[in-house]
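Architecture at a glance
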Amino acid sequence: MPPSVNFHLWEPCNMRCRFCFATFQDVRRDVLPKGHLPAKDALRLVELLALRFQKITFAGGEPLLCPWLPELAAAAKARGATTMLVTNGSRLDADTLARLRGAVDWVTLSIDSVSPQTHAALGRAVHGKALPPEHYLSLAERIRQAGMRLKVNTVVTNLNAGEDQTAFIRELRPERWKLLRVLNVEGQNSGKVEDLLCPREDFEAFVARHRLLEREGIVLVPEDNEDMRGSYAMVDPAGRFFDNAEGGHRYSDPILQQGLDTAWSQVQFSLKRFIDRGGLYPFGGES
């Protein structure tokens, strides 16, 4: 197992990103009608994961829709794990930050464009209304003030591949900026993502355009399509390991029923790809 795991604890989301790699509509339809485990089962699962993984990333859907997220993060933290939250930023207000303070080490903001119009076209919007850049900049400051480290995830599509986000990212000042080329995941975004796909050369040009930010202490982490496949330890909303190594999601048996080792043996994972894509970094110490 790698040192880090992504727990997609919550299928529901208040945005409808057309490229989303993890919609889990199959999980909700076939296994978990509510789209999440009961609170007590989620807590048991996090306690189990924290015994084996050094970092637990809470993702979704939108994990801030989960009322018991602070308890899950605190449980992971109490067992020595570094904790990370991946959020679209729409629900991370002052009260929520206060409840997460001390339990969440990192906040990753999912931001794809400097243009609210582009975000709306991508589906990164709540009821059709996208967040303005000023919201993200203010939120970044509040995250730092709460003692949390900041990371940004950007999915590069044909709608934003030509953008120069240098000035915005410079002002945002994340420690790490992950750049992911939009990926077609069968059963998750198929039928919605096709007209957003961008050629590799456009993705590479986007990365090259922003490399100068590394001179200012911002670590760029580009992930092309092949980098993403089979290189993550991931748990779905039903509490099963899953992989995307063959183009769609393949799920293990439930971890709480079969145990970590048996469930892990049922998915594909490449430690080499994990290392090659930059999965090993000082997430628990000084950057």
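Residues numbered from 1 in each chain as written. Predicted model: local features only at pLDDT ≥ 70, side-chain atom pairs only at ≥ 80, totals over all residues. Heavy atoms only, no water.

Considering the pairing of strand β6 (residues 176-181)
Counting buried residues in β6 gives 6 out of 6 residues, a clear majority hidden from the surface. Of the two faces of β6, the one lined by R176, K178 and L180 and the one lined by W177, L179 and R181 are each fully buried. Where strand β5 (residues 149-156) lies against β6, 6 bridges are found, and the strand directions are parallel. Across the sheet, K151 pairs through a bridge with R176, a residue of β6. Running through helix α7 (residues 166-172), the crossover from β5 to the neighbouring parallel element β6 is right-handed. Pairing of β6 with strand β7 (residues 219-223), which is carried by 5 bridges, proceeds in the parallel orientation. By the bridge assignment for β7, L179 is matched with P222. Handedness of the crossover is the feature at issue here: the chain leaves β6, passes through helix α8 (residues 200-209), returns alongside β7, and the resulting connection is right-handed. (Buried < 20%, exposed > 50% of the residue type's maximum accessible area, 1.4 Å probe, protein only. Helix = DSSP H or I, 4+ residues; strand = E, 2+ residues; numbered from the N terminus. Pairing = 2+ DSSP bridges. Right-handed = clockwise from strand over helix to strand, strands pointing away.)

So, a nonpolar patch on the surface
Together, L271, I275 and L280 make up an exposed nonpolar region whose accessible area comes to about 270 Å². Here L271 shows up in helix α12 (residues 271-276). (Patch = residues over 30% accessible without salt bridge, like charges linked within 9 Å, V, L, I, M, F, W, Y side chains within 5 Å. Areas by Shrake-Rupley, 256 points an atom, 1.4 Å probe, with all protein chains shown as cover. Salt bridge = Lys/Arg side-chain N within 4 Å of Asp/Glu carboxyl O.)

Regarding the environment of P12
Within the secondary structure, P12 is located in the loop between β1 (4-10) and α1 (25-30). Overall, the relative accessible area of 19% leaves P12 in the buried class. Separated by 23 residues in the primary sequence, P12 and G35 have C-alpha atoms spaced 6.4 Å apart. The residues touching P12, leaving out its near neighbours within four places in the chain, are R28, K34, G35, G61, E62 and L65. (Contact = heavy atoms within 4.5 Å.)

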